[in-house]
Each structure stands twice: as C-alpha cells, then as structure tokens.
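Each chain, written out:
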Amino acid sequence: MADKSLVQHLLDIGAVQLSTEDLFTWTSGLRSPIYCDNRLTMSYPAIRNEISAQFATYITNMEAEIDMIAGCATAGIPHAAWVADRLHLPMVYVRSSAKKHGKGNQIEGAYEKGKKAVVIEDLISTGKSSIEAAEALEKEGIEVVAVLSIFHYNLTAADEAFQSRKLPAHSLTGYNQLIDTMESEGLLSKEHHDKLMQWRENPSIFTQS
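All values reported here derive from a predicted model rather than from experimental measurement.

## So, the UniProt feature "binding site: orotate" (unreviewed entry) in the protein chain
Logical step 1: Per the UniProt record, the feature "binding site: orotate" (unreviewed entry) sits at Ser125.
Logical step 2: Locating Ser125 in the fold gives a position in the loop between β8 (116–124) and α4 (128–139).
Logical step 3: Classification of Ser125 by relative accessible area gives buried; the value is 18%.
Logical step 4: If near-sequence neighbours (up to four positions away) are discounted, Ser125 is found in contact with Trp26, Tyr153, Leu155 and Ala158.

Below is the structure:
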C-alpha cells in the first residue's frame, strides 16, 4: 500500500470510469466524463484501511478536539464507522432527509448538543449533500468542524459553497491528481485530457449540450 497513492489504488480497482462521449449524470443534473465510485473501496480491506488511517491521522492533527464522527448516507457511513472505531469515538449518520416512518429521524445514533463533529463523505462534487448534512447536525446543536472526503472533483462551485458557509473541507485525493496520474501512465489521449480539463473549468457546458 505504501508505495502507491490513493488515486492509483482507485484506478487499480476500477473505481474510476471514463466516458467522454456517453457522460455520467449526477443527482444535481450535472453531466461528467468521469465517475469515481468510491463504494468499491469497501470490498478491499487494505485500501479501506488506508483510507480510514489517513482520515484518522488528519482528525488527530486538527486543532479542535473532535467528540464524534458523522457519516453521510449512504456511501460515507462505512468509512465513518471505521474512522470512529480507530479513534474510539461515537458515531452517527445523517440521512439526506428525515425518515417518513418510525421516529422520523434524519440523524441516527446518540448525540448531545454542544459536541464537535467531523462529517465523513465518500466524495465531493458540488458540495450540496455534504453541506446539507452539516446543516442538519448544526440544527441539533452539534458544531461541525470540517467535512472530510475520499475524493474531490475540484470544482470551483464546491470550493465556493464551502467558503460561503465558512466550513473547512479536506479530501484525501481529487480530480487534478487523478488526471495527472492517468496522463503519466498513458491512460489518456490528448483529446481526452483536453476534454477532461475543459469539463473541470466549466462543467455546465457539457450539461447543456
């Protein structure tokens, strides 16, 4: 594990899919030539262990003392559990909306007002789901210190969204590193590289076409 970057491991397990013609459509409506399926990391113990170790190290080095780990449903939940286990911290998870049955919870697990939490997400695209999870926690009196993710698409819109909320966000790897790695390994033609960089600068062009 130590001799490879995390983005290389994502490539090795087929988590990264490239399609510059038949684009992937996100929940937000944006269309993307690359899809990073971090759910696959659950099936690879060494990789998921490396991910949780990197998250735990980052959290341990934060200035604020974290009281709990919060996972975003659904893909952030297992990674939040592994991180919470490493750090011996309580964990909760946050649904995209409150349940329509049972107790109607949006946040599952035991928590107290005034506690400090880190939100764990599998990836950040527009930042919308991560910010909504943080807001749900804050409504319950929990201070969200940061959002951590495995992968970030490095979209300007996401950076601006987190900045406007004054919510720190950190990812273990991202789109720029992915493109650099794929290019260095000869996995991208010049045409594909140019199109991928064009998408990162202005993804709405592909959505409108």
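## Regarding the packing of aromatic side chains
Logical step 1: Inspection of every chain in the model, using the stated rule, returns 7 aromatic pairs.
Logical step 2: Seen in terms of ring centroids, Tyr153 and Tyr175 are 6.3 Å apart; in terms of plane orientation they differ by 40°. Their pairing is tilted. Of this pair, Tyr153 sits in the loop between β9 (143–152) and α5 (156–164) while Tyr175 sits in helix α6 (residues 175–184); the two residues are 22 residues apart in sequence, bridging distant segments of the chain.
Logical step 3: Assessed through its relative accessible area of 1%, Tyr153 is described here as buried.

## Considering helix α3 (residues 76–87)
Logical step 1: When the terminal C-alpha atoms of α3 are compared, their 16 Å separation across 12 residues agrees well with the 16 Å that a helix rising 1.5 Å per residue should span.
Logical step 2: Those residues of α3 lying buried are Gly76, Pro78, His79, Ala80, Val83 and Ala84.
Logical step 3: Against α2 (45–60), β5 (68–72), β6 (91–94), β8 and β9 lie the buried residues of α3.

Basis of the calculations
Residues numbered from 1 in each chain as written. Predicted model: local features only at pLDDT ≥ 70, side-chain atom pairs only at ≥ 80, totals over all residues. Heavy atoms only, no water. UniProt positions renumbered as here; feature names shortened; annotations may be inferred. Helix = DSSP H or I, 4+ residues; strand = E, 2+ residues; numbered from the N terminus. Buried < 20%, exposed > 50% of the residue type's maximum accessible area, 1.4 Å probe, protein only. Contact = heavy atoms within 4.5 Å. Phe/Tyr/Trp six-rings, centres within 6.5 Å; stacked < 30°, edge-to-face > 60°. Expected span 1.5 Å × (residues − 1).

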